[in-house]
Amino acid sequence: MITIEKLQKFYGARQVLHDISMHVKEGEIFGIVGHSGAGKSTVLRCMNGLEPYQGGKVLVNGVEVSSLDGIRLRTLQRGMGMIFQNFNLMMRKNVFDNVAFPLRLWGEEGIDARVNELLDLVGLTNRARQRVQSLSGGQKQRVGIARALALNPPILLCDEATSALDPKTTMSILDLLDDINRSLRLTIVMVTHQMEVVKRLCHSLLMLDRGKMVAMGNTAELFLSPTREMRKMVTDEFAVIPGGVNIRLMFPKAISLDCVITRMARSLDIDFSIVGGKLERYLDDVFGFLIINVPKEQKERVFDYLEREHLYWQELDLMEEEADNE
Ligand SMILES: Nc1ncnc2c1ncn2[C@@H]1O[C@H](COP(=O)(O)OP(=O)(O)OP(=O)(O)O)[C@@H](O)[C@H]1O
Ligand SMILES: [Mg+2]
């Protein structure tokens, strides 16, 4: 549905996107993740024709975005709803008028019925006449979503849509996006710096670091076997133990954490320490993560065992020396 090939973007002499390539499939939720200044919003703005680019291709349904202007560009933008961190709503107007705005702008008919349908979709039916400024953050973002969907766009672009919200409200907005992705078969592109959002919601992702691609592909696969580059971006909350070898194991929830530990201890008959373990949810799947520390001389035996057991695993290196080079 959206294909980007070797996208290059400069602001003046400064290059902010280097050879970015990605592919968004129809009906999926695609995440663009990275730290502040990585270029996430810039990629999004190249996608909907708000920013020119200096190299590469941005194709939406096979059409090069930079080739569009006038009415054809506006038609592309009409097909891409957008929501933002700061909502960009008319705060002094009521919920109904905010959602009706794009419909009035495009001279649509049947506005009352359409707005009511949208408010029902986002769970704000009872708030139609309330001023937006009096709503909570989560409710404001629901208004933003209803407005973005008013013209029935096949694509929804979200720029840090949950970054201003508390964790509980974030989850409820993510659930709503998940619902509308399924029920409307809406393609969603989500920009976020929150790794949790990507894991919870995105089928595929692009990870950016200072304008360069770190990873692109299926979310669960990337997190199960992250590249070295990606590991630098995704730090575990556990401090690895210096000395010995730290190994990160990943396994489907069907195999329980306890079971992995006891079986390994029994069959290898070695001492190892557990650095940390947790269950993480990716979309509808839950994966277990376990970090263990084993004596150096046992490392090969442990690796053999893990290979035999078909567990995903990785040797972790202490990354201080790299961090110092930044
Ligand atoms: N209009 C502009 N003029 C000049 N430089 C810009 C402009 N917009 C963005 N930049 C620069 O381009 C780079 C990428 O910015 P971008 O806003 O895409 O990052 P981001 O990943 O969305 O960051 P954040 O998480 O803070 O929103 C940054 O270094 C930024 O300073
Ligand atoms: Mg941004």
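Values in this document were obtained by computation on a predicted structure and should not be read as measured data.

**Description of the domain arrangement of the protein**
Many descriptions give the size of an interface as the accessible area lost when the pieces come together. By the assigned domains, the protein splits into domain 1 (2–224) and domain 2 (239–325). Carbon and sulfur atoms make up 59% of the area that domain 1 and domain 2 hide from each other, which totals about 960 Å². Our enumeration of links across domain 1 and domain 2 arrives at one salt bridge. A salt bridge links Glu280 to Lys199; the shortest N-O distance between them is 2.9 Å. In the side of domain 1 that touches domain 2, the residues fall into five nonpolar, two polar and three charged.

**Comments concerning helix α5 (residues 137–149)**
Compared with the 18 Å implied by 1.5 Å per residue over 13 residues, the 19 Å span of α5 between its first and last C-alpha is a close match. In terms of burial, α5 is largely enclosed, as 11 of its 13 residues are buried. Residues of α5 that are buried include every one of Gly138, Lys140, Gln141, Arg142, Val143, Gly144, Ile145, Ala146, Arg147, Ala148 and Leu149, and no others. Residues of α5 that are buried in the fold lie against β6 (80–84), α3 (95–105), α4 (111–122), β7 (155–159) and α6 (167–184).

**Things to note about the packing of aromatic side chains**
Within this structure, the stated rule accounts for one aromatic pair. Pairing Phe303 with Trp313 gives two aromatic rings, centres 4.3 Å apart and planes at 25 degrees, and the pair type is stacked. Within this pair, whereas Phe303 is found in helix α11 (residues 299–308), its partner Trp313 is found in strand β14 (residues 312–316), the two being separated by 10 residues in sequence. For Phe303, a relative accessible area of 9% gives the class buried. Taking the relative accessible area as the measure of exposure, Trp313 reaches 23% and is therefore partly exposed. For Arg78, the ring lying beneath its charged end belongs to Trp106, and the centroid distance is 4.6 Å. In this structure, Arg129 packs its charged tip against the face of Phe96, placed 4.6 Å from the ring centre.

**Side note on the packing of α5 against α6**
Running from amino to carboxyl end, α5 crosses α6 at an angle of 20 degrees, the nearest separation of the two axes being 10 Å. Our classification of the angle between α5 and α6 gives roughly parallel. The way α5 lies across α6 gives a crossing that is right-handed. Contact residues: Gly138, Gln141, Arg142, Ile145 and Leu149 in α5; Thr169, Ser172, Ile173, Leu176, Leu177, Ile180 and Leu184 in α6. Here the contact of α5 with α6 is composed, by residue class, of seven nonpolar, four polar and one charged.

**Quick word on the site of ligand 1**
Around ligand 1, a shell composed of 13 residues is seen, among which Arg14, Ser36, Gly37, Lys40 and Thr42 lie nearest. With respect to ligand 1, the backbone of Gly37 contributes an N or O atom lying 2.8 Å from an oxygen atom. With respect to ligand 1, the side chain of Lys40 contributes an N or O atom lying 2.7 Å from an oxygen atom. Out of a free accessible area of 630 Å², ligand 1 has 63% covered by protein chains. If you list the elements that add at least two residues to the shell around ligand 1, you get β2 (14–24) and α1 (40–47). Among the residues forming the shell around ligand 1, the class breakdown is three nonpolar, six polar and four charged.

**Comments concerning the nonpolar core**
Counting 58 residues, the largest nonpolar core has Ile145, Leu156, Leu177, Met190 and Met207 as the members making the most contacts within it. Residue contributions to this core reach at least three from each of two domains, namely domain 1 (2–224) and domain 2 (239–325). Beyond its immediate chain neighbours, meaning those up to four positions away, Met207 contacts Val33, Met195, Lys212, Met213, Val214, Ala215, Phe223, Met230, Met233 and Val234.

Rules used in this analysis
Residues numbered from 1 in each chain as written. Chains lettered and ligands numbered in written order. Predicted model: local features only at pLDDT ≥ 70, side-chain atom pairs only at ≥ 80, totals over all residues. Heavy atoms only, no water. Domains from an automatic or database assignment. Buried area = accessible area lost by both parts, 1.4 Å probe. Salt bridge = Lys/Arg side-chain N within 4 Å of Asp/Glu carboxyl O. Nonpolar A, V, L, I, M, F, W, Y, C, P; charged D, E, K, R; others polar. Helix = DSSP H or I, 4+ residues; strand = E, 2+ residues; numbered from the N terminus. Expected span 1.5 Å × (residues − 1). Buried < 20%, exposed > 50% of the residue type's maximum accessible area, 1.4 Å probe, protein only. Contact = heavy atoms within 4.5 Å. Phe/Tyr/Trp six-rings, centres within 6.5 Å; stacked < 30°, edge-to-face > 60°. Lys NZ or Arg CZ within 6 Å of the ring centre and 35° of its normal. Axes fitted to C-alpha atoms, helices over the stretch in contact; angles between N-to-C directions. Parallel < 35°, antiparallel > 145°, perpendicular 65-115°, else oblique. Left-handed = near helix turned anticlockwise from the far one by under 90°. Near = heavy atom within 4 Å. Polar contact = N/O pair within 3.5 Å; in protein donor to acceptor, adjacent residues only side chain to side chain. Areas by Shrake-Rupley, 256 points an atom, 1.4 Å probe, with all protein chains shown as cover. Core = buried A, V, L, I, M, F, W, Y, C linked by side-chain atoms within 4.5 Å.

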